[in-house]
Amino acid sequence: MRENIIEIFSSIQGEGKYVGCRQVFVRLEGCNLDCTYCDTENEVGRHPHCMVEERVGSHKLVPYENPLSAEQAAEIIMRLAGKVPHHSLSITGGEPLLHVSFIRALAARVSLPIFLETNGTLDKALAECIDCISHVSMDLKLPDVLSAPVWDAHARFLAVARTKDVYVKVVVAAETHDEDVEHAARLVAKTAPETLLVLQPVTPYGGCSAPSPARLLELQRIALRHLPDVRIIPQTHRMMDLL
Ligand code: SF4
């Protein structure tokens, strides 16, 4: 089994509930959504090479020819994880659930908990690998960043993900509407009310601008009407210029 992988490296988790935890990251190619603020080159086949951090913490990436086998990827992951204790293996993208068989193959070969970073829309794919996964970082995409809303897909997805450690992350921009944040909070409250909701101010890209501090607090107030745990957490790795 082989897949095109964009990069493999060790860094800290920069977002959400586990911000600051040390992880190995595997970024898989391809996505089923089209967010306006996307900064990942997702076109399948665009990465003839996987960029691999050779020495843990060095930030120096060297190219490996794609596609990589699960065995090759696992060997790189465990080499990085062997030098420093890591919290987990973050499988991200793109949308990693487009590669369920590869996720299963990796999970069987690495001795780290699997942390899935997903756009939260592919519930059937999640159900096929949920037994391998310890943590789910689920994005909930608001309609104004997509060509079509995905509310129903998110509700189905969260119903599967709630059987594991899951938190939900909503990226908010200056343009974000109150009613969309309210809809998101209601959706989470209806499906899995114990779930942490993270409001993440957008890192400006693709014409989006960050919300003002006052807007962030107002959006948190709206979400807190429906959920007990709503936190504002920005992308911290960008602040520190980490991978
Ligand atoms: S889900 Fe993530 S990878 Fe896919 S288009 Fe949106 S931001 Fe980009």
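Within each chain, residues carry numbers counting from 1 in the order of the written sequence. This being a predicted model, a pLDDT of at least 70 is required before a residue's local features are given, and a value of 80 or more before pairs of side-chain atoms are given or counted; all residues contribute to the totals for chains, interfaces and linings. Excluded from the side-chain calculation are hydrogens and water; included are all heavy atoms of the structure.

The next thing to look at is the overall build of the protein. Only runs of H or I of at least four residues qualify as helices and only runs of E of at least two qualify as strands under DSSP, and these elements are numbered from the N terminus. Along the backbone of the protein there are 7 helices and 12 strands. Across its three principal directions, the C-alpha atoms of the protein cover 45 × 35 × 35 Å. Residues are treated as being in contact if the distance between any of their heavy atoms lies within 4.5 Å. For the protein, restricting intrachain contacts to residue pairs at least 6 apart in sequence, the fraction spanning at least 24 positions comes to 72%. Here the Shrake-Rupley method, with its probe set to 1.4 Å, supplies the accessible areas, and only the displayed protein chains count as covering residues. Accessible area of the protein: about 10500 Å², with a carbon and sulfur share of 53%. Across the protein, the mean location of the 24 positive side-chain charges is 5 Å away from that of the 31 negative side-chain charges. The sign given to each residue is positive for Lys and Arg and negative for Asp and Glu; His and the chain ends receive no count. Charge positions come from single atoms, namely NZ of Lys, CZ of Arg, CG of Asp or CD of Glu.

By size, the foremost hydrophobic cluster in this structure holds 62 residues, and its most contacted members are I8 and L89. Broken down by element, this core gets its largest block of residues, 7 residues, from helix 1 (residues 70-81). As used here, the term nonpolar core means buried Ala, Val, Leu, Ile, Met, Phe, Trp, Tyr and Cys residues forming a set that is joined through side-chain atoms within 4.5 Å. Summary of the burial criterion: residues with accessible area below 20% of their type's maximum are buried, those above 50% are exposed, and those between are partly exposed, where the area comes from a 1.4 Å probe applied to protein chains only. The next biggest cluster of nonpolar side chains, apart from the first, holds 11 residues, and it includes V150, A153, A173 and C208.

Right, let's get into the side chain of S58. Looking at the element boundaries, S58 is found in the loop between strand 4 (49-53) and strand 5 (61-65). At 2.7 Å, the side chain of S58 and the backbone oxygen of R55 are in polar contact. In the analysis that follows, any N or O atom pair within 3.5 Å is treated as a polar contact, provided that within protein one partner can donate a hydrogen and the other can accept it, and provided that, for residues neighboring in sequence, both atoms belong to side chains.

Time to look at the side chain of H154. In this fold, H154 is placed in helix 4 (residues 151-161). Judged by its relative accessible area of 0%, H154 is buried. Other than its neighbours up to four places away in sequence, H154 contacts N119, G120, T121, M138, D139, L140, K141 and L187.

Glancing now at the sheet that holds strand 3 (residues 22-28). Pairing within the open sheet is mixed, and its 10 strands lie in the order 5-4-2-3-7-8-9-10-11-12. Looking at the sheet topology across the chains shown, the edges are occupied by strand 5 and strand 12 (230-232). When the angles between neighbouring strand axes are averaged without regard to direction, this sheet yields 20 degrees. Pairing between strands requires that DSSP locate at least two bridges from one strand to the other. In this sheet, strand 5 lies alongside strand 4 in antiparallel orientation, the contact comprising 5 bridges. Lines fitted to the C-alpha atoms define the axes, with helices restricted to the stretch that makes contact. Angles between their N-to-C directions range from 0 to 180 degrees.

The span expected for a helix works out to 1.5 Å for each residue beyond the first. Between its first and last C-alpha, helix 5 (residues 178-191) extends 20 Å over 14 residues, near the 20 Å set by a 1.5 Å rise per residue. Buried within helix 5 we find D180, V181, E182, A184, A185, L187, V188 and T191. Buried residues along helix 5 sit in contact with helix 4, strand 10 (165-172), strand 11 (196-201) and helix 6 (213-224).

Looking now at the site of the ligand. All residues in the neighbourhood of the ligand are listed as C31, L33, C35, C38, N42, G94, N119 and K141. When the residues that make up the shell around the ligand are grouped by side-chain class, the tally is 4 nonpolar, 3 polar and 1 charged. Only a single heavy atom is needed: when it lies within 4 Å of a molecule or strand, its residue is near that molecule or strand. When residues are sorted by character, Ala, Val, Leu, Ile, Met, Phe, Trp, Tyr, Cys and Pro go into the nonpolar class, Asp, Glu, Lys and Arg into the charged class, and all the rest, Gly among them, into the polar class.

As a further point, take the environment of T36. Within the secondary structure, T36 is located in the loop between strand 3 and strand 4. Put simply, T36 and H183 are 147 residues apart on the chain and 20 Å apart in space, counted from C-alpha to C-alpha.

Relative to each other, helix 1 and helix 2 (residues 100-109) sit at 45 degrees, their axes nearing to 9 Å. Taken together, the axes of helix 1 and helix 2 lie oblique to each other. Considering the relative orientation of helix 1 and helix 2, their crossing is right-handed. Each of A70, E71, A73, A74, I77 and M78 in helix 1 lies in contact with helix 2, whose residues at this interface are F102, A105, L106 and R109. Residues belonging to the contact of helix 1 with helix 2 are distributed by class as follows: 8 nonpolar, no polar and 2 charged. Oblique is the label for every angle not falling under 35 degrees (roughly parallel), over 145 degrees (roughly antiparallel), or within 65 to 115 degrees (roughly perpendicular). Here a crossing is taken to be left-handed if its near helix is turned anticlockwise relative to the far helix by less than a right angle, and right-handed if that turn runs clockwise.

Okay, the packing of aromatic side chains next. Only rings of Phe, Tyr and Trp enter the pairing, Trp through its six-membered ring, and a pair is recorded when the two centres are within 6.5 Å. The plane angle decides the type: under 30 degrees is stacked, over 60 is edge-to-face, the rest tilted. The final tally for this structure, using the stated rule, is 3 aromatic pairs. Here F9 and F25 contribute two aromatic rings whose centre-to-centre distance is 5.1 Å and whose plane-to-plane angle is 10 degrees, an arrangement assigned as stacked. A residue pair is termed long-range when its members are at least 10 positions apart, and F9 in strand 2 (residues 5-12) and F25 in strand 3 qualify at 16 residues. We note that F9, like F25, is buried. On the basis of an interplanar angle of 50 degrees and a centroid distance of 6.5 Å, the ring pair of Y18 and Y167 is categorised as tilted. Of this pair, Y18 sits in the loop between strand 2 and strand 3 while Y167 is found in strand 10, placing the two residues 149 residues apart along the sequence. Its relative accessible area of 16% is what places Y18 among the buried residues. Here the aromatic residues Y18, F115 and Y167 are joined through ring pairs into a cluster of three or more.

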